Amino acid sequence: MYTHRQQLFLDHVAQTSEFPLLLEIERAEGIYMYSPEGKQYIDLISGIGVSNVGHRHPKVIGAIHSQLEKHMHLMVYGEFVQSSQVLLADALAKTLPKPLESVYFTNSGAEAIEGAMKLAKRYTGRHEIVSCFHSYHGSTQGALSLSSAESFKQAYRPLLPGIDHIQYNTLSDLTKITHKTAAVIIETIQGEAGIRIAEDTYFTSLRQRCTETGTLLILDEIQTGFGRTGTFWGFEQYTIIPDIVVCAKGMGGGMPIGAFISSKEIMFALANNPILGHLTTFGGHPVSCAAALATLQVIQQENLLEGITRKEQLFKQLLIHPKIRSVRSKGLMIAVEVESFDVLKPIIDKAIEKGVITDWFLHCDNSMRIAPPLIITEEQIEQACTIILECMN
């Protein structure tokens, strides 16, 4: 028997699967979400990597309220000087190495991927793009074209031509990058593949190959950015500098925003031949920018990065069970592998019933996703892991 709102959801909200969770959430705070009846859930996935500073962080809420007192939308992107946009762009540039200092704001990660693809084609004059097998960059037609998962793509063909795929962390595949390649787009850590981590030598060789062939290196930091891996950007843990960085998810503190970031030289390619080479009405919305700036400042001022490795190790120490085959992690980006989806799904369902929300990965359905808000305490980690292990039993 469905509640009234659940029935309205089924009747009028477009469905993306035949088995939605149908959880009714009335409010959220910190790492917790609450049902209308007051049942508390620990959010171990941060709305899929979004709520890095927790739900409704007071400083993010304060920044939103402050911006609402000034203005909301004024003009399509790139025409007016808006304080929250320029202050956020400046703050982002200060987290990045030179020459990454020019920011184009979007509404989402997929839109940022689309913009980065266009920029690479426009700047290089080439049209071929290389991405990785088992990658995920979004569901819009351009972003979907980058995927190797035919089961997700076959119903929407024809998609973009000129896409080739390489194996992540496989040096021999780098020869597929040629002087015809506009860009290589790669996740710093493969997220939906189940937290796959490359060697430093791989990224060094990838950077070298891109430089040799005049190919732009685009790093997808949509999941890894804004502190998720223990450094502000995931690529800080490698000895490389990309040509374009793409971010979203944890950027907005719960508000919708994304960006692609490059050098001023590369980014200026969108300003001519044709003029207005990339347009968005709501990209860089002032309220979202204010929230994102507050989020960035919370991560820095509250030193959230300091405890990430310790929290990662605590999860790994506690998640020991005969059903667990392995735990792959980088910071608070964790995959807990079991035998199969048939083993995993009942564990996830039971955990939700007991008040812990987690799920699986799009391209790795035998692994449990754990990516809690960075503010989670060690006591809360212990509580969540105890419940997960009870569910495994």
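Each remark here, short or long, concerns the structure printed above.
Residues numbered from 1 in each chain as written. Predicted model: local features only at pLDDT ≥ 70, side-chain atom pairs only at ≥ 80, totals over all residues. Heavy atoms only, no water.

## Let's talk about the overall build of the protein chain
Now for step 1: Helix and strand counts for the protein chain come out as 13 helices and 17 strands.
Now for step 2: Expected size for 393 residues packed as a compact globule is a radius of gyration near 21 Å; at 21 Å, the protein chain falls within 12% of this value.
Now for step 3: In the protein chain, the share of contacts with a sequence separation of at least 24, taken over all contacts with a separation of at least 6, comes to 71%.
Now for step 4: For the protein chain, the accessible area works out to roughly 17700 Å², and carbon and sulfur atoms hold 54% of it.
Now for step 5: Seen as two clouds, the 33 positive and the 41 negative side-chain charges of the protein chain have centres 3 Å apart. (Helix = DSSP H or I, 4+ residues; strand = E, 2+ residues; numbered from the N terminus. Rg over C-alpha atoms; globule rule 2.2 N^0.38 Å. Contact = heavy atoms within 4.5 Å. Areas by Shrake-Rupley, 256 points an atom, 1.4 Å probe, with all protein chains shown as cover. Lys, Arg positive; Asp, Glu negative; His and termini not counted. Charge placed at Lys NZ, Arg CZ, Asp CG, Glu CD.)

## What to know about helix H8 (residues 200-213)
For the α-helix, the turn length of 3.6 residues means that residues three or four positions removed from each other point alike.
Now for step 1: Taking 1.5 Å of rise per residue, 14 residues should cover 20 Å, and H8 covers 20 Å from first to last C-alpha, within 8% of that figure.
Now for step 2: When H8 is considered as a whole, its buried residues turn out to be Tyr202, Phe203, Leu206, Arg207, Cys210 and Thr213. The buried residues of H8 occupy an angular sector of 140° when projected down its axis, which confines them to one face. Those residues of H8 that are exposed and aimed more than 90 degrees away from the buried face are Thr201 and Thr211.
Now for step 3: Downstream of H8 by one or two residues, Gly214 has phi in the positive range, about 70°. (Expected span 1.5 Å × (residues − 1). Buried < 20%, exposed > 50% of the residue type's maximum accessible area, 1.4 Å probe, protein only. Arc of directions from axis to C-beta.)

## Regarding the packing of aromatic side chains
Now for step 1: Summed over the entire model, instances satisfying the criterion amount to 11 aromatic pairs.
Now for step 2: Between Tyr32 and Tyr34, the aromatic rings sit 6.4 Å apart at their centres with planes inclined by 45°, giving tilted as the arrangement. For the pair Tyr32 and Tyr34, one class covers both residues: buried.
Now for step 3: Between Phe226 and Trp233, the ring centres sit 5.8 Å apart and the planes meet at 80°, which makes this aromatic pair edge-to-face. For the residue pair Phe226 and Trp233, the accessibility class agrees, reading buried in each case.
Now for step 4: A network of ring pairs unites the aromatic residues Tyr168, Tyr202, Phe203 and Tyr238 as a single cluster. (Phe/Tyr/Trp six-rings, centres within 6.5 Å; stacked < 30°, edge-to-face > 60°.)

## Quick notes on the side chain of Arg228
Now for step 1: Within the element layout of this structure, Arg228 appears in the loop between strand S10 (216-220) and strand S11 (244-247).
Now for step 2: No salt bridge is formed by the buried Arg228, whose closest oppositely charged neighbour, Asp43, lies at an N-O distance of 8.5 Å. (Salt bridge = Lys/Arg side-chain N within 4 Å of Asp/Glu carboxyl O.)

## A few points about the sheet that holds S10
Now for step 1: Pairing is mixed in the open sheet, where seven strands are placed in the order S4-S12-S11-S10-S7-S5-S6. Two strands close off the open sheet at either side, each with one partner strand: strand S4 (102-106) and strand S6 (163-166). In this sheet, neighbouring strand axes are inclined to one another by 20° on average, regardless of whether the strands run parallel or antiparallel.
Now for step 2: In terms of strand pairing, strand S5 (residues 128-132) meets S6 through four bridges, oriented parallel. Bridge assignment links Ser131 to a residue of S6, and that residue is His165.
Now for step 3: Strands in contact with helix H4 (residues 83-95) are S4 and strand S12 (258-262); relative to S4, the strand with the most contacts, it is inclined by about 125°. (Pairing = 2+ DSSP bridges. Axes fitted to C-alpha atoms, helices over the stretch in contact; angles between N-to-C directions.)

## So, the packing of H4 against helix H10 (residues 286-301)
Now for step 1: The N-to-C vectors of H4 and H10 enclose an angle of 35°; their axes lie 8 Å apart at closest approach. When you trace H4 past H10, the crossing you get is left-handed. Residue-level inspection shows Ser84, Gln85, Leu87, Leu88, Ala91, Leu92 and Thr95 of H4 in contact with H10, the latter providing Pro286, Cys289, Ala290, Ala292, Leu293, Leu296 and Gln300. (Left-handed = near helix turned anticlockwise from the far one by under 90°.)

## A word on the packing of helix H11 (residues 308-318) against helix H13 (residues 378-392)
Now for step 1: Between H11 and H13, the least distance of the axes is 10 Å, while the angle of their chain directions is 25°. Here H11 lies roughly parallel to H13, going by the angle between them. Both H11 and H13 take part in a crossing whose hand is right-handed. Listed contacts from H13 to Arg310, Lys311, Leu314, Phe315 and Leu318 of H11 are Glu378, Ile381, Glu382, Cys385 and Leu389.
Now for step 2: The class makeup of the residues in the contact of H11 with H13 is six nonpolar, no polar and four charged. (Parallel < 35°, antiparallel > 145°, perpendicular 65-115°, else oblique. Nonpolar A, V, L, I, M, F, W, Y, C, P; charged D, E, K, R; others polar.)

## So, the pattern of salt bridges
Now for step 1: Under the counting rule described, the total for this entry stands at 14 salt bridges.
Now for step 2: Between Glu212 and Arg209 there is a salt bridge whose closest N-O contact spans 3.9 Å. Remark: Arg209 and Glu212 occur in helix H8; sequence separation between them is three residues, near one turn of the helix.
Now for step 3: With a closest N to O distance of 2.9 Å, Lys345 and Asp349 form a salt bridge. Note that Lys345 and Asp349 are positioned in helix H12 (residues 341-353) at a spacing of four residues, about one turn of the helix.
Now for step 4: What emerges from the salt-bridge pattern is a single network uniting Glu192, Asp359 and Arg369.

## Concerning the sheet that holds strand S13 (residues 326-329)
Now for step 1: On the basis of which strands lie adjacent, the open sheet formed by four strands has the order S13-S14-S17-S16 and antiparallel pairing. Both outer strands of the open sheet, S13 and strand S16 (359-361), are each paired with one neighbouring strand and no more. Across the sheet, the mean angle separating the axes of adjacent strands is 40° when strand polarity is ignored.
Now for step 2: Across four bridges, the pairing between strand S14 (residues 334-337) and strand S17 (residues 364-370) is antiparallel. From the neighbouring strand, Val336 faces S17, where its bridge partner is Met368.
Now for step 3: Running at roughly 35° to S17, H12 makes contact with S16 and S17 of the sheet.

Read these as layout, nothing more, since geometry by itself doesn't imply function.
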